[in-house]
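Geometric and topological summary
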Amino acid sequence: MSAAPLTDRELVAHVFVPLTGPHHPHGHAHLAQVWRRCRELLAIVEPTPLGLPTDLPGDVDDLPARDGPVAAARRNGGGVHEMFAYRRHDMLCLSVVLAPGQATSWPALEAEWARARGGEHPAVLGEVRLRLTLHRRSRWGSASATAQAYASLRAALDGPDRPPGPARGASGRRLPPGADRPSPGVSVTPGGFVVWEASGLPDDRRLRRLVVVAPEGAEAQLSEWVWSSGRAEPATLTRYLLYAAMARYELRVWAAGQARSLPHEVDARLARLLPLLDEAAEDDQPDPAQWDRYARGLGRLVADEAGLLDAVAELSGLRRTVQIAATNMATLVPSPAGAHRDGPFADDHALTTWFDRQLDDDLTYLRATLARTTSVGVLLDRSVRRWEAARRERYTLAQTALVGAVLMVLTAIQALRYQVPLPPRVQPAVVVGLGAVAFYLPLAVIRLASARRGGTSPVEHLALAALVATVLWAGLAWLADLVPTGWAWAAVLVPGAFLTTWLALTTRRAHRRRRAETGRRSAPA
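Since the model is a prediction, treat every value here as computed from it, not as a measurement.

**So, the overall build of the chain**
Check the secondary structure of the chain and you find eleven helices and eight strands. In the chain, which comprises 525 residues, the proportion classed as buried is 43%. Contacts in the chain between residues far apart in sequence, at least 24 positions, make up 72% of those at least 6 positions apart. For the chain, the accessible surface area stands at approximately 26,300 Å², while carbon and sulfur atoms represent 59% of it.

**Some points on a nonpolar patch on the surface**
On the surface, Leu402, Val403, Val406, Leu407, Leu410, Leu416, Tyr418, Val420, Leu422, Val430 and Leu434 cluster together into a nonpolar patch covering about 920 Å² of accessible area. For the nonpolar patch, the secondary structure elements donating two or more residues are helix H8 (344–416) and helix H9 (427–450). Of all the elements, H8 adds the most residues to the nonpolar patch, at six residues. Among the secondary structure elements, Val420 is positioned in the loop between H8 and H9.

**Quick word on the nonpolar core**
If you look at the biggest cluster of nonpolar residues, it comprises 39 residues, and the most contacted ones within it are Phe16 and Leu130. Elements supplying a minimum of two residues to this core: strand E1 (6–18), strand E3 (80–87), strand E4 (91–99), strand E5 (126–135), strand E8 (207–215), helix H4 (219–226), helix H5 (236–256) and helix H7 (288–332). Ranked by the residues each element gives to this core, the list is headed by H5, at nine residues. Not counting residues within four places of it along the chain, the set of residues in contact with Leu130 comprises Glu10, Leu11, Val12, His14, Leu210, Val226, Leu237 and Leu241. Formed by 36 residues, the second largest nonpolar core is a distinct cluster that contains Ala32, Cys38, Val70 and Ala73.

**Quick notes on the pairing of E8**
Counting buried residues along E8, seven of its nine residues qualify, which places the element largely inside the surrounding structure. Here E5 pairs with E8 via nine bridges, running parallel. Bridged to Arg129 within E8 is Arg209. Pairing of strand E7 (residues 194–197) with E8, which is carried by four bridges, proceeds in the antiparallel orientation. When the bridges of E8 are listed, Trp196 appears paired with Val211.

**Regarding the environment of Ser95**
Relative to the elements of secondary structure, Ser95 occurs in strand E4. For Ser95, a relative accessible area of 3% gives the class buried. Along the chain, Ser95 and Ala85 lie ten residues apart, while their C-alpha atoms are 6.3 Å from each other. Setting aside anything within four residues of it in sequence, one finds Ser95 in contact with Ala13, His14, Glu82, Met83, Phe84, Tyr86, Trp227 and Thr238.

**Looking at the packing of H4 against H5**
Between H4 and H5, the shortest axis-to-axis distance is 4 Å and the interhelical angle comes to 30°. Residues Glu224, Trp225 and Val226 of H4 form the contact with H5, whose own contacting residues are Thr236, Leu237 and Thr238. Split into classes, the residues belonging to the contact of H4 with H5 amount to three nonpolar, two polar and one charged.

**A few points about the pattern of salt bridges**
Between side chains of opposite charge, a pair can form when the charged atoms approach closely. Enumeration according to the criterion identifies 19 salt bridges in this entry. Across the salt bridge formed by Glu127 and Arg129, the nearest N and O atoms sit 2.8 Å from each other. Overall, the relative accessible area of 2% leaves Glu127 in the buried class. Overall, the relative accessible area of 8% leaves Arg129 in the buried class. The residue Arg319 makes a salt bridge to Asp360 at a minimum N-O spacing of 3.3 Å. One end of the pair, Arg319, is in helix H7; the other, Asp360, is in helix H8, with 41 residues separating them in the sequence. Each of Glu110, Arg117, Glu120, Glu127, Arg129, Arg131 and Arg209 takes part in salt bridges that share partners, so that together they form one network.

**Observations regarding unusual backbone geometry**
The backbone of Ala43 shows a phi angle near 60°, a positive value even though the residue is not glycine. When its relative accessible area of 37% is taken as the criterion, Ala43 is described as partly exposed.

**Quick notes on the packing of aromatic side chains**
Inspection of every chain in the model, using the stated rule, returns seven aromatic pairs. Ring-pair connections join several aromatic residues into one group, and the members of that group are Phe193, Trp225, Tyr240 and Phe345. Positioned above the aromatic ring of Trp106 is the side chain of Arg9, whose terminal nitrogen or guanidinium carbon lies 5.0 Å from the ring centre.

**Focus on the confidence of the model for the chain**
Looking at the chain as a whole, the pLDDT averages 76, with 70% of positions reaching at least 70. Between the elements of the chain, mean pLDDT differs from a low of 55, seen in helix H3 (residues 143–156), to a high of 92, seen in H5. Counting contacts from residues 165–184, a segment whose pLDDT is below 50, to residues more than four positions away or on other chains yields 46 contacts. Taken together, the stretch residues 521–525 has pLDDT below 50 and engages in three contacts with residues farther than four places along the chain or on a different chain.

**A short note on H5**
A rise of 1.5 Å per residue sets the reference length of H5, with its 21 residues, at 30 Å; its end C-alpha atoms lie 31 Å apart and thus fit the reference within 8%. Extensive coverage of H5 is indicated by the burial of 16 of its 21 residues.

**Observations regarding the environment of Gly343**
By the secondary structure assignment, Gly343 is in the loop between H7 and H8. As a C-alpha pair, Gly343 and Val195 span 148 residues in sequence and 7.2 Å in three-dimensional space.

**A short note on the side chain of Arg117**
Structurally, Arg117 can be placed in helix H2 (residues 106–117). Arg117 gets classed as buried once you look at its relative accessible area, which sits at 1%. For Arg117, the side chain forms a polar contact with the side chain of Glu127, separated by 3.0 Å. Aside from chain neighbours lying at most four places away, what touches Arg117 is Val15, His30, Val34, Arg37, Val124, Glu127 and Arg129.

**Describing the pairing of E4**
Most of E4 sits inside the fold, with nine of its nine residues counted as buried. Relative to E4, E3 is paired through eight bridges, and the arrangement is antiparallel. When the sheet's bridge partners are listed, Phe84 is paired in E4 with Ser95. Taken together, E3 and the strand that follows it, E4, pair antiparallel across an intervening segment of three residues, in which His89 is found at a positive phi of about 50°.

Cut-offs and rules
- Residues numbered from 1 in each chain as written.
- Predicted model: local features only at pLDDT ≥ 70, side-chain atom pairs only at ≥ 80, totals over all residues.
- Heavy atoms only, no water.
- Helix = DSSP H or I, 4+ residues; strand = E, 2+ residues; numbered from the N terminus.
- Buried < 20%, exposed > 50% of the residue type's maximum accessible area, 1.4 Å probe, protein only.
- Contact = heavy atoms within 4.5 Å.
- Areas by Shrake-Rupley, 256 points an atom, 1.4 Å probe, with all protein chains shown as cover.
- Patch = residues over 30% accessible without salt bridge, like charges linked within 9 Å, V, L, I, M, F, W, Y side chains within 5 Å.
- Salt bridge = Lys/Arg side-chain N within 4 Å of Asp/Glu carboxyl O.
- Core = buried A, V, L, I, M, F, W, Y, C linked by side-chain atoms within 4.5 Å.
- Pairing = 2+ DSSP bridges.
- Axes fitted to C-alpha atoms, helices over the stretch in contact; angles between N-to-C directions.
- Nonpolar A, V, L, I, M, F, W, Y, C, P; charged D, E, K, R; others polar.
- Phe/Tyr/Trp six-rings, centres within 6.5 Å; stacked < 30°, edge-to-face > 60°.
- Lys NZ or Arg CZ within 6 Å of the ring centre and 35° of its normal.
- pLDDT = per-residue confidence, 0-100.
- Expected span 1.5 Å × (residues − 1).
- Polar contact = N/O pair within 3.5 Å; in protein donor to acceptor, adjacent residues only side chain to side chain.

Structure, rendered in structure tokens:
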């Protein structure tokens, strides 16, 4: 490396965790642990001129409610070793700079950071490691001068730190070619900094490694761009990387979700339900098996409609987050143009543009499937309601006719003063039996008119058991005139008949419910 035109190696690390959502307590706890390890292993314990606390609050509820700095600390002695925590847009960010001020290597600095960083944590939204160095060239401007600088950087750096080849993300996106760009995969900022990504290039990457090379004499501008200008706020590049991490996190959420496959699944179920609409148009009164299919179809449509509504709301919020991140990224570090429209910044902007369009397509498909699901549900529900109204009307007429006939008979008996030849002991049982019939008949009509699954209700069981008991009572009361012990038998058998009928009906209803549930579980979706 003696021939290398590079001087000084520094490392800046950023870790971003969310302060909302299911992982936010774990993310804060992880950053608090990393902060303590930096104090213990890297001796970054002294206060900074910013006047902030040197300890990160151990409880997420103790963090400031508004955006702003939270804590800062540094290590006295040679070089610069500092760490800074701040809150921004419901995210907690930890930034650490390791600049020994003496000859060292990036792998050595990363090993030092890795000891304090610890292992990977699922609550981390994103992490960025910036490898900083200076180049002996005073400034790079034209494409030819930048190409010369790029060639010297290729000769000076080995392994993954060398400027990469053409950038291609996991989605297959390829950035537009440029005839006069210095190298594929490299950006040159307006300030003259050469930037490229040394990590892998899957679109949903959680860890990023960027190499930033600045010309000698631009140390102050480099520090202000990547670390701090002396104020208690994150640098321009830090804020940009935060929003880029947000966009890539949303990409991981989107890829792991089911919103993309949901329209296809619902469409397949709709295709199996459409024949029910043909049956509904042809049948005036479906049989019980058809009623069962219609009821299950309506239940499936309601569940699908709720799932689609939830997916639309989720993707709409996700897309809005991506749009906000893309807008802020474009404000902080605009997409490179002209000779330098390549590299990590161009890839970030291309990713957010592609992702926003993809989310728009997904939402279009979801809304179209939701409209179809709602329409089919309305049509099927309309047919079911029409059938139920017609069925209820028929059974209501039958009930009215039966009750009217009984009332007509009783009225005629009263008008003609006809004495029904019933023994006195039987008459109470007949009166109670007529009341049981009047109690049971409307309940039976309601069940038959609805024709829904689930069998008889407990109240209907009670009415039927009372009817059976009164019939037995009437029979035993009539036998009491012939058998002296009839009333003793009535006292024992009537309650027994009531309880036996109640238990038999309840057991039968429970058996039917278990069989129906087994059939629903075994039926295809």
